[in-house]
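# Examination of the molecular architecture
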Amino acid sequence: MDKYQVLKEYFGYEQFRPFQEESIDALLGGRDLLTILPTGAGKSLCYQLPTLMSEGLSVVVSPLIALMQDQVRNLQVSGIEAVTIHSDLSEAERNDIFGKLHGGRVKLLYVAPERLILPSFIDFLKKLHVNFFVIDEAHCVSEWGHEFRSDYQQLALLKEHFPDTPIAAFTATATREVAVDIAKSLRLNDPLILRGNVFRENLHVSCMPRHQNGRSQVLDFLKDHRDESGIIYTFTRKECEDLARFLQSHNISAKAYHARLEKEEKQRVYEDFVHDRIDIVVATIAFGMGIDKSNIRFVLHTSLPKTLESYYQEIGRAGRDGLPSHTLLLFNKSDEIQKRELIQNTPNEHYREILEGKLSKMYRYAVGSGCRHRVMGQYFGDEVEACGDKCDNCQREPAQMEDITREVRMFLSAVYRTGSRFGQNHLIDLLRGSKSAKIAQFDHDKLSVYGIGTERSKQVWQRIIDRLFDIEAITTGEHRAIVMREKGVQILKGAQKVEIDATHLVDLKRSSNLKLEIERDTPKDEKFEALRELRARLAKAANLPAYIIFSDKTLLELASYLPKNKAEMLAINGIGEVKYERYGEPFLELCLKLRSEG
Ligand SMILES: [Zn+2]
């Protein structure tokens, strides 16, 4: 049979989709391959089909048992002999599979990376006829990717043991940097690199600052999607359960799905969703990988994802049938702070910096005002034209713009005068005339730019800096230091003006309907009480009402985040530079104490 006959016979298609045929030809020709195709573009066919046309079997590395079982089931249904070996198998099942493998009947063998790299397993494979290796979810190989796994990195030794066997790596998401890293890490030999379009025309994307807990925005969005299938991603398990209950109370057919559910319940929710018995799954990120449901009409996020890769992968689950589908991301600055704090726990410093960089890019994407498809394209190294009507930014009425050239030049000269060696917090401190130890340590209070930016709040400065990233006037260098780009130099010289959406200059802290929302998994009342006691003592000594020192909301945030240093204190609502100077230190000390007590 030729490849078109196999396509028709086993897969039921008349023709190939973009890049499938090129991938197949490369593998049949014995060439290494790296294919980057969005979810739903038909990746697995790229290696399943050439396997059917070859003598031996192909070995597929995949990260999840559930995913492998799914694939094997699907293949068996199509009459293709496929097996998976994993830790959940009984002795008898395993022997049966090894028997089949020796018998030469198996076309596809699915294994987890940690099994594949066992010396005994490699010896076993050497006795079989392996056509080629397939590395699925290959971005896990790269520490520049968003799901780095060390067992994936050890796959490098495949080329040592099987120098003449081609390797085909597949992923849905890889920046140029990650693609190069994948090829290098797997020691691919002059691989053919195929990259599908990042732009998914049937996906309408939009982002919105979250108002309080975002419930009213979620209901608003769902009004336009009655009786449609959709996924709502939440950050915490608690929010997942709360939101599912909230939707049920509004007669919306929704169920919660998260890692802590019983295995049977997870399976039930999954099946109910796949079979359209429920409309909506409210899920933590545990849900959706490898999901094969084509009629998902919307994906909604109630908080900021950690990376653009995972965001793109998650929204990519909508509209696999090519019909118009919608996405909405609700976020605010507290999400970014919270996630940054989690990243601090990453032990590997190098990897931590990568994650921080990715988080910053995710946040800037959310607050950015350019075409979202275009920004996404840029991120993955794909040239995308402004979409016109497939994203909220392109559809928006032209914004009221305000000239901020003066502020921008203040900021850029602060960058210049401090030798492009400092991060945004320090530069804002400098402009706002902070008396922090770090400012004094570098003699930055002696610079002419010291204290010239007090009329703008820390938060507005943040927005101005976001804008500068957005127009590519600045970038980040080592240790997240702000570095000027050519455009920044032109602005500093006075050769270019900068404008910003006037609504971005409104101080959210003082705007009552945009208060930051705190998500707390467990009540932290003792912490709140300890902070309240301290506040009462200070208030009494100063003969002031307690709320003048810090509001209850500020104390709740302090109890929730327990900041570790001044910069983190200043990120809390209600703590500005002045208040910090007056009352900050005793609260910081208390927070550190509470933190050490756990
Ligand atoms: Zn657009």
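Thresholds applied
- Counting restarts for each chain, with residues numbered from 1 along the sequence as it is written.
- Under the rules for a predicted model, residues below a pLDDT of 70 receive no local features and side-chain atom pairs below 80 are neither given nor counted, while totals for whole chains, interfaces and linings still include all residues.
- Helix and strand labels come from DSSP, where a helix needs a run of H or I of at least four residues and a strand needs a run of E of at least two; each type is numbered from the N terminus.
- Note that the radius of gyration is over C-alpha atoms, with the globule rule given as 2.2 Å times the number of residues to the power 0.38.
- To sort residues by exposure, count the other C-beta atoms lying within 10 Å of each residue's C-beta; 20 or more gives buried, 12 or fewer gives exposed, and values between give partly exposed, all with C-beta atoms placed from the backbone.
- By the convention adopted here, residues make contact when the C-beta atoms placed from their backbones lie within 7 Å.
- Two strands qualify as a pair provided that DSSP identifies no fewer than 2 bridges between them.
- Whenever a helix is involved, its axis is fitted only over the stretch in contact; in every case the axis is a line through C-alpha atoms, and angles between N-to-C directions fall within 0 to 180 degrees.
- An expected span of 1.5 Å times one less than the residue number is assigned to each helix.
- As used throughout, a nonpolar core is a set of buried Ala, Val, Leu, Ile, Met, Phe, Trp, Tyr and Cys residues joined through C-beta atoms within 7 Å of each other.
- Residue ranges assigned to each domain were obtained from an automatic or database domain assignment.
- Note that Gly is not counted as nonpolar here; it falls among the polar residues with everything else outside the nonpolar set of Ala, Val, Leu, Ile, Met, Phe, Trp, Tyr, Cys and Pro and the charged set of Asp, Glu, Lys and Arg.
- In these notes the angle categories are as follows: under 35 degrees is roughly parallel, over 145 is roughly antiparallel, 65 to 115 is roughly perpendicular, and the rest is oblique.
- It is the rotation of the near helix from the far one that decides the hand of a crossing: anticlockwise by less than a right angle makes it left-handed, clockwise makes it right-handed.

## Examining the overall build of the protein chain
- Secondary structure summary: the protein chain contains 28 helices and 17 strands in total.
- Computed over the C-alpha atoms, the radius of gyration of the protein chain is 27 Å, within 12% of the 25 Å expected from 2.2 N^0.38 for a compact globule of 598 residues.
- Dimensions along the principal axes, computed over C-alpha positions, put the protein chain at roughly 85 × 55 × 50 Å.
- Taken across its 598 residues, the protein chain has 40% of its residues classed as buried.
- Within the protein chain, counting contacts between residues at least 6 apart in sequence, those at least 24 apart form 72% of the total.

## With respect to the sheet that holds strand β8 (residues 203–209)
- One open sheet holds the six strands; their spatial order is β8-β13-β12-β9-β11-β10, and the pairing between them is parallel. Looking along the sheet, the strands with just one partner apiece sit at the ends: β8 and β10 (254–257). For this sheet the average axis-to-axis angle between neighbouring strands, irrespective of direction, equals 15°.
- Across five bridges, strand β9 (residues 229–233) lies against strand β12 (residues 296–301) in parallel orientation. Of the residues in β12, the one forming a bridge with Ile232 is Leu300.
- Here helix α12 (residues 237–249) sits on the sheet and contacts β9, β10 and β11 (280–283); the angle it forms with β10, its principal contact strand, is near 170°.

## Some thoughts on the environment of Leu34
- In this structure, Leu34 sits in strand β1 (residues 33–36).
- For Leu34, a count of 25 C-beta atoms within 10 Å puts it in the buried group.
- Linking Leu34 and Leu538, residues 504 residues apart in sequence, is a C-alpha distance of 63 Å.

## Description of helix α16 (residues 349–367)
- Relative to the 27 Å expected for 19 residues at 1.5 Å per residue, α16 spans 27 Å between its end C-alpha atoms, a close match to the ideal helical length.
- For α16, the full list of buried residues reads Ile354, Leu355, Lys358, Leu359, Met362, Tyr363, Tyr365, Ala366 and Val367.
- For α16, the secondary structure elements touched by its buried residues are β8, α14 (308–315), β13 (325–331), α15 (333–343), α17 (372–379) and α22 (458–470).

## Quick word on the nonpolar core
- Core analysis: the biggest nonpolar cluster contains 104 residues, and Val134, Ile135, Ala169, Ile182 and Val282 have the highest contact counts within it.
- Per-element accounting of this core gives the leading share, eight residues, to α16.
- Of the residues that make up this core, three or more belong to each of domain 1 (3–195) and domain 2 (203–395).
- Those residues within four positions of Val282 in sequence are excluded, and the remaining contacts are Ile232, Thr234, Cys240, Leu243, Ala244, Leu247, Ala254 and Ala256.
- Grouped together as the second largest cluster of nonpolar side chains are 25 residues, Leu412, Ile428, Leu430 and Ile464 included.

## A word on the domain arrangement of the protein chain
- On domain assignment, one finds that the protein chain holds domain 1 (3–195), domain 2 (203–395), domain 3 (405–497) and domain 4 (526–596).
- Between domain 3 and domain 4, the C-alpha centre-to-centre distance is 28 Å.
- Residues belonging to the side of domain 3 that touches domain 4 are distributed by class as follows: no nonpolar, three polar and three charged.

## A look at unusual backbone geometry
- Positioned with a positive phi, Glu137 is a non-glycine residue whose angle comes to about 50°.
- Along the chain, the position of Glu137 falls in the loop between β5 (130–135) and α8 (150–153).
- Assessed through the 24 C-beta atoms surrounding it within 10 Å, Glu137 is described here as buried.
- In this structure, Asp227 takes a positive phi of about 60° despite not being glycine.
- Looking at the secondary structure, you find Asp227 in the loop between α11 (215–223) and β9.

## Re the environment of Ala502
- Within the secondary structure, Ala502 sits in the loop between β17 (499–501) and α24 (525–542).
- Look at Ala502 and you get partly exposed, because 13 C-beta atoms sit within 10 Å.
- When the C-alpha atoms of Ala502 and Gln400 are compared, they prove to be 5.7 Å apart, with 102 residues separating the residues in sequence.
- Setting aside chain neighbours within four positions, we find Ala502 in contact with Gln400, Met401 and Glu402.

## Some thoughts on the environment of Leu188
- Its place among the elements puts Leu188 in the loop between α10 (176–185) and β7 (192–195).
- Taking the C-alpha atoms as reference points, Leu188 and Ile474, 286 residues apart in sequence, are found 35 Å from one another.
- Here Leu188 is in contact with Asp32, Leu34, Ile167 and Ala183, once residues within four sequence places are set aside.

## A few points about the sheet that holds strand β6 (residues 167–171)
- Strand order in the open sheet formed by seven strands is β3-β4-β2-β5-β6-β1-β7, with parallel pairing between adjacent strands. Of all the strands in the sheet, the pair left with one neighbour each is β3 (82–85) and β7. Neighbour-to-neighbour, the strand axes of this sheet turn through a mean angle of 15°, independent of strand direction.
- Taken together, the four bridges between β1 and β6 define a ladder with parallel strand orientation. Counted as the bridge partner of Leu33 is Ala168 from β6.
- Set on the sheet, helix α4 (residues 65–77) makes contact with β3 and β4 (108–111); between it and β3 the angle comes to about 160°.

## Some points on the packing of helix α19 (residues 405–417) against helix α20 (residues 424–431)
- Packing of α19 against α20 leaves a shortest axis separation of 10 Å and a crossing angle of 115°. Taken together, the axes of α19 and α20 are roughly perpendicular relative to one another. Here the hand of the crossing between α19 and α20 comes out right-handed. Across from Met410, Phe411, Ala414 and Val415 in α19, the residues of α20 making contact are Leu427, Leu430 and Leu431.
- Grouping the amino acids of the contact of α19 with α20 by side-chain chemistry returns seven nonpolar, no polar and no charged.

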